[in-house]
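Chain by chain, the residues:
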Amino acid sequence: MPTPRSFSQSSPLTGAITVPGDKSISHRALMFSALAVGESVIEGLLEGEDVLATAAAMRAMGATIEKRGARWHVHGVGVGGLLQPGTALEMGNSGTSTRLLMGLVASHPITVTFTGDASLSKRPMGRVIDPLSTMGADITASPGGRLPLMVRGICPAVPIEYRLPVASAQVKSAILLAGLNTPGITRVIEPVATRDHSERMLVGFGADLTVEIDSDGVRTISLRGEAELRPQNITVPGDPSSAAFFVVAALLVPGSRVTIRNVGMNPTRTGLIKVLRAMGANIVSEDRQTVGGELVEHLVVTHSMLRGIEVPPEDAPSMIDEYPILFVAAALAEGRTVMRGLEELRVKESDRIAVMFEALTAIGARVEELPDGLIIDGTGGEMLAGGATVAARLDHRIAMSMAVAGLVSINPVTIDDIEPVATSFPGFETMLAGLGLTGLGAR
C-alpha cells in the first residue's frame, strides 16, 4: 500500500549531518569485491534497497557477503568464477544494478533472468543490449528492450571498441564489466565524460586499465581482459546526489545553515554545486581530502537568494540525477532558469521532465516544459502556494525533491507515496527532522 506523506513550511534548518554512502560507488564496491579472490571489507556502504538488490544478486552468483557491525565483508569468486543462480535475479527499482550486472553476466558461461518492479520494467535496456550482443551475449528482452529479460553469457566473449552514442556511465560500466572476463582489450570511447567511479575502482582492484584523453576531451578507456582482481578495503564517501536535497533545502529555507560532512566530490559528480554557486549559492568547502581515490569534503551551506541562469547543457552528465532538486531551487530563484539537453531524464525511474513539470505546476510554480528540459520562472524567494498532492511515480528523487518543495510552500505538499525513498536514502525524513524540520506529518 502507498504511504502518503505531507511536508509543509519549515523553521530554519541547522546542524551537521552525514548522508548515506554513495550509491554508484556502493554498487561497484560490491560487484568488484565479488570478483576479487579473497576478502574485501567495505565501510560506509549505502544500505538502501537498490544496493541490497546488488548484494543479493552477487550472493546468488556465488559470492559470500555479510555485514559485521558497521562493515560489510565480501569473499569473492574471482573473475570468471560466477555461478549459475538458482532463480531469476530480482532487481527491484535499480537500473544501475540491472545494467551493470547484465555486463557482468555477458562474458560468463551462465544464463540469468532479470526482473524488476513496475517502474524498472518500463525502462529501456537497449542501450546496454546492443554492445553486449556485439560481444557475443545472447539477450532476449520483453518488447521495447525491457524487463523481464534473459542474458545468456558467452565465454570467451569478443572484445570490442565501442563509442558511446549517449553519455551513460551505466553503459560504459556494463561494457567494462563484460571486458573483465574477455580476452584481449575492450575499449570504450566516451565523447562526453561521465562519472568515472568504475575506472577509479577497477584500477584500485588491480585491473590493467588506462584512460587516454585527446585534445577534444574525448576519453578512451582501455581494459585488458581476463583480469585478476585483488581484494581491497573500501571506504564509501557520502553520496553527492543524496546531499543535494539538503544543500537545496538549506539554501531555500530562510535562516538555515547546514554542514554536510564527507561528501564525495568526484569531478564528474559536482555539476550541481557548480551551477548553484553560479546562481549565487553560499556553499563553502572545508576539510578536503582524498579517500580511496575519491575526493571528499565537508559542505557548509547557508540560506541564499538564488538567481536564475541558463544552465550549460554540457553540464548535464555531471549532475543528471540532481536535476529534479535543481528544478525546485529554480522555482524559488529570482528570474528565469533555462535547463536543456536533458533527454536522458525521460528514461530514468520516471520521465523526470514530465513528472516534475506536473508536480511543480500543481503547487504554483511557473514552469514551461520543453522536449529536452524545463524553463522555470522563479518566485524571487517567495514561497510556493503548495496545497496539492503530487505523484512521485515510484521515483525516489521525485519524492525527495517535492518534499523539499513542501518546506518552502505556504500550504502542505503531499507526496502520494514516500516508500520509494528507501531505494536510495533510508532515514531521509529522520535526518530532516534532526535539522529542525517542523513541517512533517502523515497525510
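Residues numbered from 1 in each chain as written. Predicted model: local features only at pLDDT ≥ 70, side-chain atom pairs only at ≥ 80, totals over all residues. Heavy atoms only, no water.

## What to know about the sheet that holds strand β4 (residues 64–68)
Now for step 1: With mixed pairing, 4 strands are arranged side by side in an open sheet as β4-β5-β3-β14. What marks the edges here is a single partner per strand, and that holds for β4 and β14 (233–235). Strand-to-strand twist across the sheet, computed as the mean angle between neighbouring axes with direction ignored, equals 20 degrees.
Now for step 2: Looking at chain direction, strand β3 (residues 37–43) and strand β5 (residues 71–77) are connected through 7 bridges and run antiparallel. By the bridge assignment, Val37 is partnered in β5 with Val77.
Now for step 3: Against the sheet, helix α1 (residues 23–35) touches β3, β4, β5 and β14, its axis set at about 40 degrees to β5. (Pairing = 2+ DSSP bridges. Helix = DSSP H or I, 4+ residues; strand = E, 2+ residues; numbered from the N terminus. Axes fitted to C-alpha atoms, helices over the stretch in contact; angles between N-to-C directions. Contact = heavy atoms within 4.5 Å.)

## A look at unusual backbone geometry
Now for step 1: Omega for the bond connecting Leu147 with Pro148 falls within 30 degrees of zero, at -5 degrees, which places this linkage in the cis form.
Now for step 2: Here Pro148 shows up in strand β9 (residues 146–152).
Now for step 3: A cis amide bond, omega 5 degrees, links Cys155 with the succeeding residue Pro156.
Now for step 4: Along the chain, Pro156 turns up in the loop between β9 and β10 (161–163).
Now for step 5: At Leu394, a residue that is not glycine, the phi angle is positive and equals roughly 60 degrees.
Now for step 6: Of note, Leu394 is situated in the loop between β22 (384–390) and α11 (396–407).

## Re the pattern of salt bridges
Now for step 1: For the coordinates displayed, the defined rule picks out 29 salt bridges.
Now for step 2: Between Asp351 and Arg346 there is a salt bridge, and its shortest N-O distance comes to 2.9 Å.
Now for step 3: Within this structure, Arg123, Arg195, Asp321, Lys348, Glu349, Arg352, Asp395 and Arg397 form a network of salt bridges that share partners. (Salt bridge = Lys/Arg side-chain N within 4 Å of Asp/Glu carboxyl O.)

## Describing the nonpolar core
Now for step 1: Counting residues in hydrophobic clusters, the biggest one holds 80 residues, and the most contacted among them are Phe246, Leu276, Tyr323 and Leu326.
Now for step 2: Not counting the four nearest positions on each side in its chain, Leu326 is found in contact with Leu272, Val275, Leu276, Met279, Val311, Met319 and Met339.
Now for step 3: The next biggest cluster of nonpolar side chains, apart from the first, holds 66 residues, and it includes Ile42, Val79, Leu82 and Ile175. (Core = buried A, V, L, I, M, F, W, Y, C linked by side-chain atoms within 4.5 Å. Buried < 20%, exposed > 50% of the residue type's maximum accessible area, 1.4 Å probe, protein only.)

## Describing helix α5 (residues 169–180)
Note that an α-helix has 3.6 residues per turn; residues three or four places apart therefore point the same way.
Now for step 1: Along its 12 residues, α5 runs 16 Å from first to last C-alpha, staying within 8% of the 16 Å computed at 1.5 Å per residue.
Now for step 2: Across the 12 residues that make up α5, a large majority, 12, are buried.
Now for step 3: Looking at α5, one finds that the buried residues are Ala169, Gln170, Val171, Lys172, Ser173, Ala174, Ile175, Leu176, Leu177, Ala178, Gly179 and Leu180. (Expected span 1.5 Å × (residues − 1).)

## What to know about the packing of aromatic side chains
Each aromatic ring pair is summarised here by two numbers: the centre-to-centre distance and the angle between the ring planes.
Now for step 1: The full count for this structure, using the stated rule, is 6 aromatic pairs.
Now for step 2: A centroid spacing of 6.1 Å and a plane angle of 70 degrees characterise the contact between Phe32 and Phe205, whose relative ring orientation is edge-to-face. With a gap of 173 residues between them, Phe32 in helix α1 and Phe205 in the loop between α6 (197–204) and β12 (209–213) connect regions that are remote in the sequence. Neither residue differs from the other here; Phe32 and Phe205 are each classed as buried.
Now for step 3: Pairing Phe246 with Phe425 gives two aromatic rings, centres 5.7 Å apart and planes at 50 degrees, and the pair type is tilted. With a gap of 179 residues between them, Phe246 in helix α7 (residues 240–252) and Phe425 in the loop between β23 (409–415) and α12 (428–434) connect regions that are remote in the sequence. (Phe/Tyr/Trp six-rings, centres within 6.5 Å; stacked < 30°, edge-to-face > 60°.)

## Some remarks on the sheet that holds β12
Now for step 1: Strand order across the open sheet formed by 4 strands is β10-β11-β13-β12, with mixed pairing between neighbours. Bordering the open sheet on either side are β10 and β12, each of which pairs with just one other strand. Across the sheet, the mean angle from the axis of one strand to that of its neighbour is 15 degrees, orientation sign disregarded.
Now for step 2: In terms of strand pairing, β12 meets strand β13 (residues 219–224) through 5 bridges, oriented antiparallel. Bridging across to β13, Leu209 finds its partner in Leu223.

## Quick look at the side chain of Asp239
Now for step 1: The topology assignment puts Asp239 in the loop between β14 and α7.
Now for step 2: Asp239 sits in the buried class, given a relative accessible area of 2%.
Now for step 3: Among the polar contacts made by the side chain of Asp239, one reaches the main-chain amide nitrogen of Lys23 at a distance of 2.7 Å.
Now for step 4: A polar side-chain atom of Asp239 sits 3.2 Å from a polar atom in the side chain of Arg269.
Now for step 5: Setting aside anything within four residues of it in sequence, one finds Asp239 in contact with Val19, Pro20, Gly21, Asp22, Lys23 and Arg269. (Polar contact = N/O pair within 3.5 Å; in protein donor to acceptor, adjacent residues only side chain to side chain.)

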